[in-house]
Amino acid sequence: MQRFGKYRVEREILDEQRLEDVTQRKTYADIHPSLTERLKNSLRCSVPKLKRSVVSSFPVLYWLPKYSIWDYGMPDLVSGISVGIMHLPQGMAYALLASVPPVFGLYTSLFPALVYFFFGTSRHISIGTFTILSIMVGSVTERLAPDEDFLKRNGTNFTAEVDISARDSYRVQVAAAATVLGGVIQVLLGVVKFGFVGTYLSDPLVRAYTTAAAAHAVVAQLKHIFGVSPTRVFGPMSVVYTLVDVCSLLPQTHLPTLVVSSVTIVLLIAAKELNSFFSAKLPVPIPVELITIVAGTLTSSYAHLNTNYTVSVVGEIPSGLSSPSVPDVSIFRKVIGDAFALAIVGYAVSISLGKTFASKHGYKVDSNQELVALGLSNAVGGFFQCFSVCPSMSRSLIQETTGGKTQMAGVASALIVLVTILKLGPLFQELPKAILASIVLVNLKGMFKQYSDIVTLWKSSKIDLVVWLVTWVSSLLLNLDMGLAASIIFAVFTVIFRTQMPTYSVLGNVPGTELYVDIETHREVGKIPGVTIFRSSATMYFANAELYLDALKEKSGLDISKMIIYKKRQEAKMRRREKRAERRAKRQARREVGNQLSGPSECLTDKEGHGLAERENGTVFVIPTTPRTPDDTTTLGSSNEDTVSRDLERVSLGSLGKWTWDIHSIILDLSPSNFIDTVAIKTLKNIFQDFSEIDVDIYVTGCQATVVEQLDHGDFFSETITKHHLFASVHDAVLFCLNNRGATKRHVIFQTITLINK
């Protein structure tokens, strides 16, 4: 097998105008039909489009009629039961993070999953509670419903006892309002096809954000682990103040609670490690969290941990489903910023997991429809007192690895949660909160492993490392909502910074080819005599247009302003010396005339050879003389012209100086540009105008069709700048320059490259 082949192509040099003629490029009207034509087409295709629109809005109508119970029924059932078992401990534990009663975590694991069944396009993600969103909801609920606002009155004095029922009721309202508002935001963004907003959350940003959120979760659970009651602080630096307060309360640690937490953490870690070690041999992972909750509940119930040792327990869990209710609209204005953060973070996690599984199993996830589906799951769930949801990585992996094929697995898991709410909920009333907090801490182990990203990014990309560190610090110190905003703004600034500081290079020809590479980074390349090929690694637009011009001057070695001034000075000197030379020539001519009149042998002659002499009174006398040969005859006009010519020759060679340069053409390679704005167009026009004043031609190559269209609409082309200045490739422009302005014998450009088959 031959590794390297060769090819030769013979064609004419193509500028933009010739390329449009050859390819018959469509006009703007052909590509963009008028409003009337679009309306006609939409009416003509209204029925098929309506059908596609309905199916795309309800993806369940596409796959459910094709569902095969024999092929998919049993795998989905097994997968759903496995995920449903995970929902139970995670729902109750993450409700603790959201600062709402555990039963609302079970509600959150039920209703949104059923809504996603109808509208979602991913087959493998498991919708429900998620650590990061639960922490974000908890920060909102505790900020708007702190314990201090619900102290019970005893006459005219306050007591230290908190009205837990009233506090939890208002916190549920706050969580539901934030969830509904976040869902509405997601639906609106999906309807207007704004699903691409998730792309602004880069992977380093998301990983750093979740790592900082894990730190918030740890600090929030320390009070349950140690059995202390720190003062709740809100706003920037709250996590630091809370951690300091917890450390100051460590001498007051409740030992029975600490023992329960320590034993639970050790057993969970050991069980998870064994689960991971035997994962290849186990058809279904062992439900470690569920076993822990059951064992902890039984132990607490029989040992009476709450009454004998004052270990805090979950408390009353009502059986049955709560009726839907409209959230308190007055809370919306207080949580709008938090709702937007919940919407963006939830969607970013959802679309990243969805695309991961879709790529692995060969189907497509619609980003806009996912935004709508997640928004409806949150909005509808909010009416049932659920808090914000998104897919969980752990549950989604279980759903996929246990053989789940469709979202029927989500329905099966929701049924497990439903049975628990209706029949088994009251059995978990004696469950210690320390066990739920321990489950949260152990499940955060994967997020703490993300600190290894610092080492990886240090080796691969320093800018991504800075984004990671800034996101982590801002999210940790400014809280999750303001931290997310600051992180996105900083990430966008890094993109702007990179476009403002691109790599500028001068290209040279790879010998024997039509390829052009940077002459500073390659040794075996040839610089084109008289031609400078300039390229920027980024799109030229208003933020870097001036930098582009400065870099062009530097790389070409031509300081236009100084050269124009120098050229004008030299031209002025030349004009002055021409005038002096002309005056000297006239004086010389007058002296010659005087000599001819004074000497007998030096006189003027007429056409017939007679001598002419002018007297003082203007009378001309004819003086017979000996006829001369043409070489001896001198007229006044010929004497003047010859003298001026010789004088100007001396001026131009001797004293004018050099105001020409080695570069006669500059080629601007705009192939990296995918758009061009009005500022960049103005800069390009100035480049053409300025360099033309020093007799340097400018040509542009590599323009995409959209860029050419924008140049045309921006009035870039004129009588002096035409599409003949634009070329299809760098090589076309180089060949034109060499043919137009000349090439040296030492530099050979291959104009024809012909296909060779071997």
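Residues numbered from 1 in each chain as written. Predicted model: local features only at pLDDT ≥ 70, side-chain atom pairs only at ≥ 80, totals over all residues. Heavy atoms only, no water.

### Details of the pairing of strand β5 (residues 504-509)
If a strand is regular, its side chains alternate between the two faces of the sheet.
And then number 1: Along β5, six of the six residues are buried, which leaves the element largely enclosed by surrounding structure.
And then number 2: Going residue by residue along β5, you find Tyr504, Val506 and Gly508 tucked away on one face and Ser505, Leu507 and Asn509 tucked away on the opposite face as well.
And then number 3: Where β5 lies against strand β6 (residues 516-518), three bridges are found, and the strand directions are antiparallel. If you follow glycine 508 over to β6, its bridge partner there is valine 517.
And then number 4: If you look at the hairpin formed by β5 and β6, you'll find six residues sitting between the two strands, and glycine 512 has a positive phi there, around 80°. (Buried < 20%, exposed > 50% of the residue type's maximum accessible area, 1.4 Å probe, protein only. Helix = DSSP H or I, 4+ residues; strand = E, 2+ residues; numbered from the N terminus. Pairing = 2+ DSSP bridges.)

### Focus on the sheet that holds β5
And then number 1: Taken in spatial order, the six strands make up an open sheet running β6-β5-β7-β11-β12-β13, and their pairing is mixed. Because the sheet does not close on itself, it has two edges, and the strands there are β6 and β13 (726-727).
And then number 2: Note that strand β11 (residues 665-669) and strand β12 (residues 697-701) share five bridges and pair parallel. Its bridge partner lying in β12, serine 665 is registered against aspartate 697.

### What to know about the packing of helix α13 (residues 288-303) against helix α19 (residues 433-443)
Each pair of packed helices can be described by the angle between their axes along with the distance between the axes.
And then number 1: Relative orientation of the contacting elements α13 and α19 amounts to 160°, with a least axis distance of 10 Å. It follows from the interaxial angle that α13 and α19 lie roughly antiparallel. The hand of the α13/α19 crossing is right-handed. Contacts from Glu289, Thr292, Ile293 and Gly296 in α13 reach Ile435, Leu436, Ile439 and Asn443 in α19.
And then number 2: Classifying every residue of the contact of α13 with α19 gives four nonpolar, three polar and one charged. (Axes fitted to C-alpha atoms, helices over the stretch in contact; angles between N-to-C directions. Parallel < 35°, antiparallel > 145°, perpendicular 65-115°, else oblique. Left-handed = near helix turned anticlockwise from the far one by under 90°. Contact = heavy atoms within 4.5 Å. Nonpolar A, V, L, I, M, F, W, Y, C, P; charged D, E, K, R; others polar.)

### Comments concerning the pairing of β12
And then number 1: Taking burial as the measure, the five residues of β12 include four buried ones, the bulk of the element.
And then number 2: Traced from β11 through helix α27 (residues 678-692) to β12, the parallel crossover comes out right-handed.
And then number 3: Across two bridges, the pairing between β12 and β13 is parallel. Within the sheet, the bridge partner assigned to threonine 701 lies in β13 and is phenylalanine 727. (Right-handed = clockwise from strand over helix to strand, strands pointing away.)

### Section: the packing of aromatic side chains
And then number 1: Scanning the model with the defined rule gives 22 aromatic pairs in all.
And then number 2: An angle of 45° between the planes, with centres 5.2 Å apart, marks the rings of phenylalanine 727 and phenylalanine 736 as tilted.
And then number 3: Given the relative accessible area of 3%, phenylalanine 727 is considered buried.
And then number 4: Members of the aromatic cluster, each reached through a chain of ring pairs, are Trp63, Tyr67, Tyr72, Phe117 and Phe118.
And then number 5: Over the ring of tyrosine 363 we find arginine 123, and its NZ or CZ is 4.3 Å from the ring centre.
And then number 6: Stacked on the ring of phenylalanine 717, the Lys or Arg lysine 723 has its end atom at 5.7 Å from the ring centre. (Phe/Tyr/Trp six-rings, centres within 6.5 Å; stacked < 30°, edge-to-face > 60°. Lys NZ or Arg CZ within 6 Å of the ring centre and 35° of its normal.)

### Topic: the environment of isoleucine 421
And then number 1: Along the chain, isoleucine 421 turns up in helix α18 (residues 408-424).
And then number 2: Residues isoleucine 421 and tyrosine 107, spaced 314 residues apart in sequence, show a C-alpha to C-alpha distance of 8.0 Å.
And then number 3: Non-local contacts of isoleucine 421, meaning those with residues more than four positions away in its chain, are made with Leu106, Tyr107, Leu110, Pro318, Ser319, Gly320 and Leu321.

### Observations regarding helix α6 (residues 69-97)
And then number 1: Its maximal kink placed at histidine 87, α6 deviates by approximately 25°, while the proline proline 89 follows within four residues.
And then number 2: One or two steps after α6, the chain reaches serine 99, where phi turns positive at roughly 60°. (Bend = angle between axes of the 7 residues up to and from the residue.)

### Section: the pattern of salt bridges
And then number 1: Tallying each qualifying case throughout the model produces 14 salt bridges.
And then number 2: For the salt bridge of glutamate 289 with lysine 272, the shortest nitrogen-to-oxygen distance reads 2.8 Å. Of this pair, glutamate 289 sits in helix α13 while lysine 272 sits in helix α12 (residues 255-277), placing them 17 residues apart in sequence.
And then number 3: Note that aspartate 669 and arginine 535 form a salt bridge whose closest N and O atoms lie 2.6 Å from each other. In this pair, aspartate 669 is assigned in strand β11 and arginine 535 in strand β7 (residues 531-536), connecting sequence segments 134 residues apart.
And then number 4: If you follow the salt bridges from partner to partner, you end up with Asp147, Arg167, Asp168 and Arg171 in one network. (Salt bridge = Lys/Arg side-chain N within 4 Å of Asp/Glu carboxyl O.)

### Concerning α19
And then number 1: Among the 11 residues of α19, nine are classified as buried, and the element is accordingly described as predominantly covered.
And then number 2: The set of residues buried in α19 consists of Ala434, Ile435, Leu436, Ala437, Ser438, Ile439, Val440, Leu441 and Val442.
And then number 3: At its buried positions, α19 is contacted by α6, α10 (203-226), α12, α13 and α20 (445-448).

### Here's the deal with unusual backbone geometry
And then number 1: Not every positive phi belongs to a glycine, and serine 99 is a case in point at roughly 60°.
And then number 2: In this model, threonine 310 sits at a positive phi of 50°, which is unusual for a non-glycine residue.
And then number 3: In this structure, threonine 310 sits in the loop between α14 (305-309) and α15 (332-361).

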